[in-house]
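# Working through the structure, step by step
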Protein chains: 2
Amino acid sequence: MTHLLIADDHAVVRKGMIQILRDAGVDAEITEASDGHQALQAVREQRFDALLLDISMPGKSGIDVLKQLRAQDDHTPVLVLSMYAEEQYALRLIRAGAAGYLTKESAPDQLATAVRMVVQGKRYISPEVAELLADSLNQRQADADDDSNRHTQLTDREFQVFLQLARGLGPTEIGQQMNLSVKTIASYRSRILQKMGLRTNAELTLYANRNAML
Amino acid sequence: MTHLLIADDHAVVRKGMIQILRDAGVDAEITEASDGHQALQAVREQRFDALLLDISMPGKSGIDVLKQLRAQDDHTPVLVLSMYAEEQYALRLIRAGAAGYLTKESAPDQLATAVRMVVQGKRYISPEVAELLADSLNQRQADADDDSNRHTQLTDREFQVFLQLARGLGPTEIGQQMNLSVKTIASYRSRILQKMGLRTNAELTLYANRNAML
DNA sequence: AGCGGCTGTAGGAAATATCCTACAACCGGT
DNA sequence: ACCGGTTGTAGGATATTTCCTACAGCCGCT
């Protein structure tokens, strides 16, 4: 029987996804994990047909889990779920080896479809993401001073920090969420500012806001 | 039989809540709405024992629905759910007549308990909110909350500081510009935050930006 | 195989910001 | 005139942030 792992720190969301899958007639055994560590633990102990990972969990996020799995050469399909409309993330994740990307906005049947596809080893690329993918090909070597694309030069980690800073979290909180030293976050911050040519957190916030990343 | 209305724009969340309530043995007929208008519509057509409203829905938010209901003298108990930990809203909402306030972090059984209580016409005040309530008694504040005019309550000095902070200047720089002690600026900052119900400089920036004050 | 540059991570010290508290001047109501 | 709340201002103690520096692991290029 199909075996799925759902990792999300919010009970409501886990239950909701289970319910939706059941309603859609997806017949599967489901294991729940409420953070990245539990998810990895579970994967170590059992075999899953697919993982549904929330991108933003405290401690180890979905991305971390994804990367770690790939690093240890585990190819279980991973469907990433984001609570926010951070379309920006989609590309990064697909490149990092995710089998699909959905936001919480997604209609229930999209979730079911996506799950069915990834379980079969296919990828689930939503129209929106497909478009982003296409765009990214064109703009590949286009002019670097596009202004609204300065954030693409950031590494994944930097980008994560970027978003949190833009939302107004301080290094301390971010460090906790990602369990990294405050110092590390501070380093990311300065690299971000440097790379993007900004000077203050307020500019980060504005940038993110103008590009609808919040 | 108990009849509940759940309004949230995210299907996952609705399903999750339903599942959690069922698991907790709450026996009720449940109607779903995916935005504020549908919620109001539903209330017009049927009688509910309680409404569970998501605070942040596009279009008409939970707050809007709550206000409108109260305005038309409907006293159905309303339990407000927030996806974020914006504790500051809690007070506004309780004052506006909500029967309780929960965040998505809340454990499943808290949701069930809260629902049971409000259905019986009681209020559900979490410890956290209770504390906020207590605090607010000291700092009594008349709320003429028009929401996008929150800055009008600021004094001139406060407003000047507000703008500078929103632009990303730090207390030190502002203090220099205005020849005031850094400490003074810090005081203004906290009064501003307090008066406007914001928590971070990033929120100041966003507020200013959205209201085209930058 | 070696080099230079990025990336992820963090330490120490110095700079800053924040919190809580305080107080005088002022302002409106009784 | 007196009282309570609001405003302008700032001190002390703390907590947080920022800056500069460092270093190991990779990656691509020669």
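Treat the numbers as computed from the prediction; the structure is a model and nothing was measured. (Residues numbered from 1 in each chain as written. Chains lettered and ligands numbered in written order. Predicted model: local features only at pLDDT ≥ 70, side-chain atom pairs only at ≥ 80, totals over all residues. Heavy atoms only, no water.)

## Considerations on the pairing of strand E3 (residues 50-54) of chain B
Two faces make up the sheet, and in a regular strand the side chains alternate between them. Residue and element names in this part refer to chain B. Within E3, five of the five residues are buried, which leaves it mostly tucked inside the rest of the structure. Side chains of E3 alternate between two faces, with Ala50, Leu52 and Asp54 and Leu51 and Leu53 buried alike. In this sheet, E3 lies alongside strand E1 (residues 2-7) in parallel orientation, the contact comprising four bridges. Each bridged residue has a counterpart across the sheet, and for leucine 4 the counterpart in E3 is alanine 50. Relative to strand E4 (residues 78-82), E3 runs parallel, the two being bridged by four bridges. The partner of aspartate 54 across the bridge, within E4, is leucine 81. (Buried < 20%, exposed > 50% of the residue type's maximum accessible area, 1.4 Å probe, protein only. Helix = DSSP H or I, 4+ residues; strand = E, 2+ residues; numbered from the N terminus. Pairing = 2+ DSSP bridges.)

## Some thoughts on the protein's contact with DNA strand D
In the neighbourhood of DNA strand D, 18 residues make up the surrounding shell, with A:Thr172, B:Arg157, B:Lys183, B:Thr184 and B:Ser187 lying closest. Counting only the atoms of DNA strand D that lie within 4 Å of the protein, the sugar and phosphate share comes to 59%. B:Lys195 places a side-chain nitrogen or oxygen 3.0 Å from a phosphate oxygen of DNA strand D. Contributing elements (two or more residues each) for the surface near DNA strand D: helix H8 (171-177) and helix H9 (182-196) of chain A together with helix H9 (182-196) of chain B. When residues in the surface near DNA strand D are grouped by element, the largest group, six residues, is from H9(B). (Near = heavy atom within 4 Å. Polar contact = N/O pair within 3.5 Å; in protein donor to acceptor, adjacent residues only side chain to side chain.)

## Some words on the packing of aromatic side chains
All names here are of chain A. Scanning all chains against the criterion turns up four aromatic pairs over all chains. Residues phenylalanine 159 and phenylalanine 162 carry aromatic rings whose centres are separated by 5.8 Å and whose planes lie at 25° to one another, so their mutual orientation is stacked. With a gap of three residues between them, phenylalanine 159 and phenylalanine 162 both fall in helix H7 (residues 156-166), about one helical turn apart. For the ring pair phenylalanine 162 and tyrosine 207, a centre distance of 6.0 Å and an interplane angle of 80° mean the geometry is edge-to-face. Here tyrosine 207 lies in helix H10 (residues 201-210) and phenylalanine 162 lies in helix H7, a separation of 45 residues in the sequence. Residue class for phenylalanine 162 comes out buried when judged on its relative accessible area of 0%. Under the relative-accessibility criterion, tyrosine 207 is labelled buried at 7%. Pairwise contacts between aromatic rings join Phe159, Phe162 and Tyr207 into one cluster. (Phe/Tyr/Trp six-rings, centres within 6.5 Å; stacked < 30°, edge-to-face > 60°.)

## Digging into the confidence of the model for chain A
Taken residue by residue, chain A gives an average pLDDT of 85. The fraction at 70 or more is 88%. Here residues 138-146 of chain A scores under 50 on pLDDT; set against residues more than four positions off or in separate chains, the count is two contacts. (pLDDT = per-residue confidence, 0-100. Contact = heavy atoms within 4.5 Å.)

## Observations concerning the packing of helix H1 (residues 11-23) of chain A against helix H5 (residues 108-119) of chain A
Residue and element names in this part refer to chain A. The geometry of H1 relative to H5 is characterised by a closest axis approach of 9 Å and an angle of 75° between their N-to-C directions. Taken together, the axes of H1 and H5 lie roughly perpendicular to each other. Between H1 and H5, the contacting residues are Met17, Ile20 and Leu21 on the first element and Pro108, Leu111, Ala112 and Val115 on the second. A class-by-class count of the residues in the contact of H1 with H5 yields seven nonpolar, no polar and no charged. (Axes fitted to C-alpha atoms, helices over the stretch in contact; angles between N-to-C directions. Parallel < 35°, antiparallel > 145°, perpendicular 65-115°, else oblique. Nonpolar A, V, L, I, M, F, W, Y, C, P; charged D, E, K, R; others polar.)

## Quick look at the protein's contact with DNA strand C
Close to DNA strand C lie 17 residues, the nearest being A:Arg157, A:Lys183, A:Ser187, A:Tyr188 and B:Thr172. In DNA strand C, atoms within 4 Å of the protein come 60% from sugar and phosphate. In the model, a base nitrogen of DNA strand C is placed 2.7 Å from a nitrogen or oxygen of the A:Arg191 side chain. A:Lys195 has a polar side-chain atom sitting 2.7 Å from a phosphate oxygen of DNA strand C. Taken together, the elements giving at least two residues each to the surface near DNA strand C come down to H9 of chain A together with helix H8 (171-178) and H9 of chain B. Per-element tally for the surface near DNA strand C: the top contributor is H9(A), with six residues. When its residues are assigned to classes, the surface near DNA strand C shows four nonpolar, six polar and seven charged.

## A closer look at the sheet that holds strand E5 (residues 100-103) of chain B
Residues and elements named next belong to chain B. Here five strands make up an open sheet; going across it, the order is E2-E1-E3-E4-E5 and the pairing parallel. Across the chains shown, the open sheet's two edge strands, defined by having one partner strand only, are strand E2 (28-33) and E5. Between one strand axis and the next, the sheet turns through 20° on average, direction left out of account.

## Some details on the domain arrangement of chain A
Residues and elements named next belong to chain A. Once the domains are mapped, chain A shows domain 1 (2-135) and domain 2 (144-210). Each of domain 1 and domain 2 has a C-alpha centre, and these two points are 25 Å apart. Summed over both sides, the interface of domain 1 with domain 2 buries roughly 1000 Å², with 42% coming from carbon and sulfur. On inspection of domain 1 and its partner domain 2, the count reaches two salt bridges. Residues lysine 67 and aspartate 156 are paired through a salt bridge, measuring 3.1 Å at the closest nitrogen-oxygen approach. (Domains from an automatic or database assignment. Buried area = accessible area lost by both parts, 1.4 Å probe. Salt bridge = Lys/Arg side-chain N within 4 Å of Asp/Glu carboxyl O.)

## Section: the nonpolar core
Residues and elements named next belong to chain A. Core analysis: the biggest nonpolar cluster contains 44 residues, and Leu5, Leu51, Tyr89, Leu93, Tyr101, Val161 and Phe162 have the highest contact counts within it. Dropping the residues within four chain positions of it, leucine 93 is found in contact with Ile55, Ile63, Leu66, Val80, Ala98 and Tyr101. The next biggest cluster of nonpolar side chains, apart from the first, holds 25 residues, and it includes Leu102, Leu111, Val115 and Tyr124. (Core = buried A, V, L, I, M, F, W, Y, C linked by side-chain atoms within 4.5 Å.)

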